[in-house]
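Take a look at the letters that make up each chain.
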Amino acid sequence: MTVSRIRHAVADSVIYGNLLITATDSSVSVQLESDDSTVVVIERTGPRTRKNIPIGTRDPRFLTARVNDREITVTPGSGRFLKRSYRILVEIEDRVISLGAMDIDTSTFIDGKPNEIVNQYGDLTARSDGSVEVGWAVPQRVRLVNRMVVPPEPTVDDVLIGFALAAAFGTGGLSVTTIVMGLVASVFPS
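All values reported here derive from a predicted model rather than from experimental measurement. (Residues numbered from 1 in each chain as written. Predicted model: local features only at pLDDT ≥ 70, side-chain atom pairs only at ≥ 80, totals over all residues. Heavy atoms only, no water.)

Regarding the pairing of strand E9 (residues 107-110)
Looking down a regular strand, the side chains alternate between one sheet face and the other.
No. 1: Covered by surrounding structure in E9 are Ser 107 and Phe 109 together with Thr 108 and Ile 110, the residues of both alternating faces.
No. 2: Here strand E8 (residues 95-101) pairs with E9 via four bridges, running antiparallel. For Gly 100, the partnering residue across the bridge sits in E9 and is Thr 108.
No. 3: Remark: five residues form the turn of the hairpin made by E8 and E9, two consecutive strands paired antiparallel.
No. 4: Where E9 meets strand E10 (residues 120-126), four bridges bridge the pair, whose relative direction is antiparallel. Residue pairing in the sheet places Ile 110 in a bridge with Gln 120 of E10. (Buried < 20%, exposed > 50% of the residue type's maximum accessible area, 1.4 Å probe, protein only. Helix = DSSP H or I, 4+ residues; strand = E, 2+ residues; numbered from the N terminus. Pairing = 2+ DSSP bridges.)

Focus: the pattern of salt bridges
For side chains of opposite charge, pairing can occur when their charged atoms come near one another.
No. 1: Counted according to the given criterion, the structure contains eight salt bridges.
No. 2: Put simply, Arg 61 and Asp 59 hold a salt bridge, and the shortest N to O gap is 2.6 Å.
No. 3: A relative accessible area of 18% means that Asp 59 is categorised as buried.
No. 4: When salt bridges that share partners are traced, they join Arg 70, Glu 93 and Asp 157 into one network. (Salt bridge = Lys/Arg side-chain N within 4 Å of Asp/Glu carboxyl O.)

A few points about a nonpolar patch on the surface
No. 1: On the surface, Val 184, Val 187 and Phe 188 cluster together into a nonpolar patch covering about 320 Å² of accessible area.
No. 2: Here Val 187 is to be found in helix H2 (residues 176-187).
No. 3: On the accessibility criterion, Val 187 (56% relative accessible area) is exposed. (Patch = residues over 30% accessible without salt bridge, like charges linked within 9 Å, V, L, I, M, F, W, Y side chains within 5 Å. Areas by Shrake-Rupley, 256 points an atom, 1.4 Å probe, with all protein chains shown as cover.)

What follows is the structure, given as structure tokens:
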């Protein structure tokens, strides 16, 4: 019988204060530091299939998630070779929230599907100590449409879900360029 380690981390959401992240080998829960906070829980219900994923799987058949007592659907990509495979979609009631790899360490947190970048909340980075760092999006002028884009403001539930996703699955992903450059470097060492 294996005993699951419990890891605790505190993360500053900047908008809503500190978040408490509690993780085991098969679950992640996130809530505000206040006692009466909503709690987001993501659990692995099947076998551990991936060692490099904090929660142990990216298989949606083996995942359950909820915001307090409300079930939410979490659909992670395979997380293999391309950055787009690291996307995670969450369906909560009639909305979609997504997390997608931006670079090797960071993922973009979006109110909507991954291609709806004008609805970007910000960027999340999971750390090895179990904490998550956030950089919230700021208003910016988009040259293609020549207008100012104001990012949406996430609700408390949105923030808790985003941090739970980052803590459960990690953030970032490899791009094809990174993979090719690694292969070239291994064939032609300096």
